[in-house]
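Structural overview
For reference, the chains in residue letters:
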Amino acid sequence: MKAIRRFSVRPVLPDPLRPLQELAFNLRWSWHPETRELLRSVAPDDWAAAREDPVRLLASVSADRLATLAADRGFLRRLGVAIGDLRDYLTEPRWYQQADTRAGGELPRCIAYFSPEFGITAALPQYSGGLGILAGDHLKAASDLGVPLIGVGLLYRHGYFRQSLSADGWQQEHYPVLDPHELPLAPLTEADGSRTLVQLALPGGRALTAQIWQVRVGRVPLLLLDSDHPENGPAERDVTDRLYGGGGEHRLLQEMLLGIGGMRAVRAYCRITGHAEPEVCHMNEGHAGFLGPERIRELGERGVDFDAALRAVRAGTVFTTHTPVPAGIDRFPEELVARHFGESAELATLGTEALLALGRETTEEGAPAQFNMAVLGLRTAQRANGVSVLHGQVSRGMFAWLWPGFDAEEAPIGAVTNGVHAPTWTADAMLRARAATLTDAELWDLRRTLREQLVHEVRARLRAAWRQRGAGQAELGWVDDVLDPDVLTIGFARRVPSYKRLTLMLHDRERLRGLLLHPERPVQIVVAGKAHPADDGGKRLIQELVRFADDPAIRRRIVFLPDYGMAMARSLYAGCDVWLNNPLRPLEACGTSGMKAALNGCLNLSVRDGWWDEWFDPDFGWEIPTADGLAAEEPDRRDAIEAAALYTLLDEQVGPCFYDRGVGRGGLPIRWLEMVRATLDRLGPRVLADRMLREYVTGFYAPAAASHRAMTAEAAGELAAYARRVREAWPRVAVEHVEPGTEAPTLGGTVSLKVRVALGDLDPGAVEVQAVTGRVDSDDTLADPGYTQLKPDGGPDLEGRWTFTGELTLHRPGPFGYTVRVLPSHPLLAHRAELGLMALPDGELVESSGVLFR
Ligand SMILES: *Cc1c(COP(=O)(O)O)cnc(C)c1O
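Here the residue numbers are simple positions, counted from 1 along each chain's written sequence. Note on the predicted model: pLDDT of at least 70 is required for a residue's local features to be given, and 80 or more for side-chain atom pairs to be given and counted; whole-chain, interface and lining totals, by contrast, use all residues. Excluded from the side-chain calculation are hydrogens and water; included are all heavy atoms of the structure.

Here we take up the pairing of strand 17 (residues 523–528). Regular strands have side chains that alternate between both faces of the sheet. The buried fraction of strand 17 is high, at six of six residues. Burial along strand 17 is two-sided: Val523, Ile525 and Val527 facing one way and Gln524, Val526 and Ala528 facing the other are all buried. Note: strand 16 (residues 488–493) against strand 17, six bridges, orientation parallel. Across the sheet, the residue bridging to Ile490 is Ile525, located in strand 17. Handedness of a crossover: with both strands directed away from the viewer, a clockwise path from the first strand across the helix to the second marks it as right-handed. By definition, any uninterrupted DSSP run of H or I lasting at least four residues is a helix, any uninterrupted run of E lasting at least two residues is a strand, and each is numbered from the N terminus. Following the chain from strand 16 across helix 19 (residues 509–516) to the adjacent parallel strand 17, one finds a crossover that is right-handed. Both strand 17 and strand 18 (residues 558–561) contribute to a ladder of four bridges, which runs parallel. Looking at the pairing, Ala528 lines up with Leu561 of strand 18. Only protein chains enter the calculation, and the probe is 1.4 Å; a residue is then buried if its accessible area is under 20% of its type maximum, exposed if over 50%, and partly exposed in between. A pair of strands counts as paired when DSSP detects no fewer than two bridges linking them.

This is the structure we're talking about:
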């Protein structure tokens, strides 16, 4: 029989044990080993059954055990230390509060960080992959640094699916129900104890109501909206049923709830707790894009018109794009969006056409217009970035069409390379050991211990997986011999979109078999990953790999582990020697698993994509050469070339380096250990989420807060008026005459420049006149351009033209060229392409119009 309703009975903790509640409900335990150990010791035998989740553990512990602990002076002493440590952590000034951090100017009092998923701990499974884990690491690093962030997301009743395999290796999905009352959550409530609710108006007079759950992530509150509320009809209750609901309306409603509802939840939270209102909103990918229009609506209620409100909202908004794969970006048919906004639906006061224009993507002639969430993000955020240097560059190319007339390199999209949260992803043994103080023998021993732990975990997981695939216990004796703690171990785990090429290693099965079964230098491989439930192609790749690994001849050397998640990931990163990554360059925006591996002294073997393109060094691992020149036309040849390169690297470099234990070296692989140390000492500090967060604070949050403060309603109105004035005058703006000095061009010398420009009725302060300089190729295209600002020189001549002068420094030999251009200039513009206007010599004008350039 099945229960028709469930609820959980929470134990009442004896008074002396009350602090356990506080420790369990603040997820800091997930990255603080001492607290985790204390919580485990409440009932060590039940820790595994509680899936290492202290809230679940406390809910199941017996009254007897609690009584014993309440009288155990040693335990109470440790509890006192742990709770004291947490309270200090929550209140002491940290990096953000230090004087030198603040010296650069006033920092934002609050930043709201929106993400569709958050991977904080396996105990709160609200993530599908890299985007969510990154968001979790972002919150944790913000907490450690004292950055006043509020996280905003959705609470999914089923989270992401759990993966198992059928007997023939086909992915099976399960959606266990998560009961909020069994999770580390507390409802946000009003002063009278009633639940705080937010509401969205839906077409046809319906409403979508959501309650708000709070999660404590160290110092950072995370608000999760949940539509499973009795006031909703059945369809509305299901809006937050699972991560990335099916296409169309379900997904649109999720994103409306995240952006619009999320903003309303933040307002409610600040009202109830007295927390400072956010000065900056940061969108982790475009899913939360509707927060921009929602804030335009808010300003509209205070009498600010659309143009001025858009400027004010842009000033305080940061957008991070995460994918160069067009299919990875959410798009909705305009007709669907139109139905959910305007007249008797959401954001009625904005005007549906104005809203649609914010997300409109230019598509091929005749194709129905699409509403693109990344485009919405770029149009409503004054500052934007990609997630590695290479991805920043790829994104500028991908979105250059939004700034017509400007070179792709000038698109205002910067880069902050992702980072990972060291206390979460570094094995406890590695954290404790401090590698720099270890001898080679001790370091090698530590690496072996981590590898051996992984081997044991793999066997346990593999056995469970085979039981699920229908094997009997008696058939599984061989599992005890799977993997060898002394064999070179390679890890490959990630989601399974096609560009990540899960099965590249299978390209030449005989060669792979040869590597696995090599008599002196064998390798063993651990593979894991989930395919999107709707992606049969991905499921076929998994099946191919599983079937290959099922072969009794090699199954001791290669395994596929189902249900990749944070708990498994931690031991994989720590226990592998080599982390393999072979995406189709440049489609991996950053990739973070290799960074987590590096924190544990695992070497990287990767295509130079994402972060590895930036930080590759032969001391940190190996680069798999790419054949990206072949482009899309020849995917098979490209795979063949890159797979062959991978086998050769493994056979000729990676394997020999690992197994090189020459005499006189104490049986140690000296070069390998050098690389492990280089990875830990020199790469480790770069891949940190702390580093990433500091870059966001100084490069994005602080400038955005400054812009936001400067952009009062009055200033926004003034800027809007400036934009109108410049746009009107622009047809009369021209670079009329360029007169170089007569100096001979020598390296290190200068060339002086005198320029006459017509400005219509604008005065020189309203524009910037620039010389653009650089190398020139055979058709005179400027490469690697530099920009020199020219200065106004005297008043207008008789024909009303203004003179600008300046000097160009020649710091490169060879062909050199320059041009001159006029751009709008206003202190509240963050970027020179922002108004889409430019005037060049020969009367060439760029006058982009559209919502971005109002
Ligand atoms: C880090 C991580 C990812 C993302 O890894 P990529 O290298 O970016 O593909 C996905 N899932 C889990 C569980 C992770 O820990």
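Packed helices, taken two at a time, are described by the angle their axes make and the gap between the axes. Interhelical geometry of helix 11 (residues 306–315) versus helix 27 (residues 713–729) gives an angle of 110 degrees and a closest axis separation of 8 Å. In terms of axis orientation, helix 11 runs roughly perpendicular to helix 27. The chirality of how helix 11 crosses helix 27 is right-handed. Contacts between helix 11 and helix 27 involve Asp307, Ala308, Arg311 and Ala312 on the former and, on the latter, Ala716, Gly717, Leu719, Ala720, Ala723 and Arg724. Gly falls in the polar group here, along with every residue not listed as nonpolar (Ala, Val, Leu, Ile, Met, Phe, Trp, Tyr, Cys, Pro) or charged (Asp, Glu, Lys, Arg). Of the residues assigned to the contact of helix 11 with helix 27, the class counts are six nonpolar, one polar and three charged. Every axis corresponds to a line fitted to the C-alpha atoms, with the helix fit spanning only the stretch in contact, and the corresponding angles, defined between N-to-C directions, vary from 0 to 180 degrees. Angles are sorted into four bins: roughly parallel if under 35 degrees, roughly antiparallel if over 145, roughly perpendicular if 65 to 115, and oblique for all others. Crossing chirality is assigned from the near helix's rotation relative to the far helix, an anticlockwise turn below a right angle marking it left-handed and a clockwise turn marking it right-handed. In this analysis, two residues are considered to be in contact whenever any of their non-hydrogen atoms come within 4.5 Å of each other.

Moving on to the packing of aromatic side chains. The geometry of an aromatic ring pair comes down to the distance between the two centres and the angle between the two planes. Each Phe, Tyr or Trp ring (for Trp, its six-membered ring) is paired with any other whose centre lies within 6.5 Å, and the angle between the two planes then decides the class: stacked below 30 degrees, edge-to-face above 60, tilted in between. Enumeration over the complete set of coordinates arrives at 18 aromatic pairs. Centre to centre, the rings of Trp466 and Trp478 are 6.1 Å apart; their planes meet at 80 degrees, and the pair counts as edge-to-face. Note that Trp466 is positioned in helix 18 (residues 440–468) and Trp478 in the loop between helix 18 and strand 16, a separation of twelve residues in sequence. With relative accessibility at 18%, the residue Trp466 sits in the buried group. Overall, the relative accessible area of 11% leaves Trp478 in the buried class. A positively charged side chain is recorded as over a ring if its NZ (Lys) or CZ (Arg) lies within 6 Å of the ring centre. The angle to the ring normal must also be within 35 degrees. Directly above the aromatic system of Phe492 lies the positively charged group of Arg494, at a separation of 4.6 Å from the ring centroid. Sitting above the plane of the Trp478 ring, Arg555 keeps its charged end 3.8 Å from the centroid.

UniProt positions are given in the numbering used here, feature names are shortened, and annotations may be inferred rather than shown by experiment. Within the UniProt annotation, "modified residue: N6-(pyridoxal phosphate)lysine" (unreviewed entry) is assigned to Lys596. Structurally, Lys596 can be placed in helix 22 (residues 593–598). The exposure class assigned to Lys596 is buried, which follows from its relative accessible area of 4%. Once residues within four sequence positions are removed from consideration, Lys596 is found in contact with Ile133, Val420, Trp425 and Tyr573.

On to the nonpolar core, then. Soluble, globular proteins show a tendency: their nonpolar side chains are buried together. Core analysis: the biggest nonpolar cluster contains 114 residues, and Phe114, Phe290, Trp403, Trp730, Val757, Leu762 and Val822 have the highest contact counts within it. Ranked by residues supplied to this core, first place goes to helix 9 (residues 248–273) with eleven residues. The domain limits used here are those given by an automatic or database domain assignment. Both domains that meet at this core, namely domain 2 (95–160 + 172–420 + 697–710) and domain 4 (726–853), each give it at least three residues. The residues touching Trp730, leaving out its near neighbours within four places in the chain, are Leu762, Val767, Val822, Leu823, Pro824, Leu837, Met838, Ala839, Leu845, Val846 and Glu847. Residue types Ala, Val, Leu, Ile, Met, Phe, Trp, Tyr and Cys, when buried and joined through side-chain atoms within 4.5 Å, form a set referred to as a nonpolar core. Grouped together as the second largest cluster of nonpolar side chains are 68 residues, Trp29, Phe118, Val697 and Ala702 included.

Another aspect to go through is the pairing of strand 1 (residues 111–114). By the alternation rule, side chains of strand 1 split into Ile111 and Tyr113 and Ala112 and Phe114, which are all buried. Handedness of the crossover joining strand 1 and strand 2 (residues 149–154) through helix 7 (residues 130–145) is recorded here as right-handed. Examined bridge by bridge, strand 1 and strand 9 (residues 280–284) share four bridges and lie parallel to one another. From the neighbouring strand, Phe114 faces strand 9, where its bridge partner is Met283.

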